[in-house]
Amino acid sequence: MRRSVAVVSGKGGTGKSFVTCNTAIVLAGAGFKTLIVDADTTMASVEIIYGITPQKTLQDLVSGEAKPEEVLYSGPNGVLIVPSGARLKRRIRPSELDAAIASVLEVAAPDFLLIDAPAGLDAEVLTAVMMTEAHLVVCNPEITSLADAYKVKSVLSGRSRYLGAVLNKIGRIELSKFRVANLIGPILAAIPEDARVRDSINCGTPYVLKYPESMVTKQILRVAGAIAGVDLYLKKETRWPGFLRRSK
Ligand SMILES: Nc1ncnc2c1ncn2[C@@H]1O[C@H](COP(=O)(O)OP(=O)(O)O)[C@@H](O)[C@H]1O
Ligand SMILES: [Mg+2]
């Protein structure tokens, strides 16, 4: 595996699932085998964003009712997904999450693993971060969200490498870039607020595939590039699904 990254945040609703799912599509489109594990068992949204209705999920794997290969689904551009399951059975214990992810990694052998973590600093988040080499924080450009992000970054930095922050839902009035970077830098990307994000979720076509030339997609390419350690760009002459490629 090239790199594993946990996507975390202070509060919910900052855009972790949106950023994780779309970043994974870009990485997969660039030819990297990419696996997303939805570790947010209370707010399972990866399966919704990808428009899949899974039979077996992470929860079944943890309870021994499914094998790793039965909880692996294929999404756009061949992204591999382990959905957490919308029906909440019970909270997954950290050791169970750890073992479940390890068993899936053995079967899937991805280049990149992205874990869509729950919000906050609960045990599942700490496990997700301990299991991965690096983490990134998704936050919104409000003082409260930045303060949360700073707290999360400070607590988690001792456990894995801090890649940086993704500022999401940027509006017209921005905070001082210097101030933000000082608090939670490096800033990997600044994604504008865009009503089409909700539309893309509602219509079941992931945003980067529906609006490949938008500002939001450009910023998602930056997030994917920061994870992969290469420049990623939009290859315009080819059509979906293979339109995002590595630069070299
Ligand atoms: N850049 C954006 N512009 C507009 N809406 C967004 C943007 N990013 C996320 N959203 C919306 O914000 C909500 C929360 O996003 P989600 O990815 O589910 O957050 P989280 O996983 O952190 O809880 C969703 O309704 C999503 O459509
Ligand atoms: Mg989420």
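Everything here concerns the structure above.
What you are looking at is a predicted structure, and each value in this text was computed from that prediction instead of being measured.

Quick notes on the site of ligand 1
Turning to step 1, where the next piece is worked out: In the vicinity of ligand 1 there are 16 residues, among which Gly13, Lys16, Phe18, Asn168 and Lys169 approach most closely.
Turning to step 2, where the next piece is worked out: Within the backbone of threonine 14, an N or O atom sits 3.2 Å from an oxygen atom of ligand 1.
Turning to step 3, where the next piece is worked out: Interatomic distance of 2.9 Å between a side-chain N/O atom of serine 17 and an oxygen atom of ligand 1.
Turning to step 4, where the next piece is worked out: Protein coverage of the free-state accessible area of ligand 1, which is 560 Å², stands at 85%.
Turning to step 5, where the next piece is worked out: Its atoms largely coinciding with the cavity grid, ligand 1 occupies the largest pocket.
Turning to step 6, where the next piece is worked out: Of all the secondary-structure elements, those providing two or more residues to the shell around ligand 1 are helix H1 (16-29), strand E7 (161-170), strand E8 (187-192) and helix H8 (196-203).

Topic: the pairing of E7
Turning to step 1, where the next piece is worked out: Across the 10 residues of E7, 8 count as buried, placing the element largely inside the fold.
Turning to step 2, where the next piece is worked out: Where strand E6 (residues 134-139) meets E7, 6 bridges bridge the pair, whose relative direction is parallel. Within E7, the residue paired with histidine 135 across the bridge is tyrosine 162.
Turning to step 3, where the next piece is worked out: Handedness of the crossover joining E6 and E7 through helix H6 (residues 143-156) is recorded here as right-handed.
Turning to step 4, where the next piece is worked out: Pairing between E7 and E8: 5 bridges, direction parallel. Paired with alanine 165 across the two strands is isoleucine 187, which belongs to E8.

Re the packing of aromatic side chains
Turning to step 1, where the next piece is worked out: Evaluation of the coordinates by the stated rule reveals 3 aromatic pairs.
Turning to step 2, where the next piece is worked out: Taken together, a centroid distance of 6.0 Å and an interplanar angle of 85° make the contact between phenylalanine 18 and tyrosine 207 edge-to-face. In this pair, phenylalanine 18 sits in helix H1 while tyrosine 207 sits in helix H9 (residues 207-210), placing the two residues 189 residues apart along the sequence. Accessibility classification places phenylalanine 18 together with tyrosine 207 in one group, the buried group.
Turning to step 3, where the next piece is worked out: Between the aromatic rings of phenylalanine 32 and phenylalanine 112, the centroid separation amounts to 5.0 Å while the plane-to-plane angle is 80°, which identifies the pairing as edge-to-face. You can see phenylalanine 32 sitting in the loop between H1 and strand E2 (34-38) and its partner phenylalanine 112 sitting in strand E5 (residues 112-116), a full 80 residues away along the chain. One exposure class covers both phenylalanine 32 and phenylalanine 112, and it is buried.
Turning to step 4, where the next piece is worked out: Clustering of aromatic rings is evident, with ring pairs tying together Phe18, Tyr207 and Tyr211.
Turning to step 5, where the next piece is worked out: It is arginine 196 that lies over the ring of tyrosine 211; its NZ or CZ is 4.5 Å from the centre.

Reading guide: rules and limits
- Residues numbered from 1 in each chain as written.
- Chains lettered and ligands numbered in written order.
- Predicted model: local features only at pLDDT ≥ 70, side-chain atom pairs only at ≥ 80, totals over all residues.
- Heavy atoms only, no water.
- Near = heavy atom within 4 Å.
- Polar contact = N/O pair within 3.5 Å; in protein donor to acceptor, adjacent residues only side chain to side chain.
- Areas by Shrake-Rupley, 256 points an atom, 1.4 Å probe, with all protein chains shown as cover.
- 1 Å grid on protein atoms, 1.4 Å probe; cavity = no way out; pocket = protein on both sides within 12 Å on 5 of 7 lines; lining within 4 Å.
- Sits in = over half its atoms within 2 Å of the grid points.
- Helix = DSSP H or I, 4+ residues; strand = E, 2+ residues; numbered from the N terminus.
- Buried < 20%, exposed > 50% of the residue type's maximum accessible area, 1.4 Å probe, protein only.
- Pairing = 2+ DSSP bridges.
- Right-handed = clockwise from strand over helix to strand, strands pointing away.
- Phe/Tyr/Trp six-rings, centres within 6.5 Å; stacked < 30°, edge-to-face > 60°.
- Lys NZ or Arg CZ within 6 Å of the ring centre and 35° of its normal.

The values are spatial; any link to function lies outside them.
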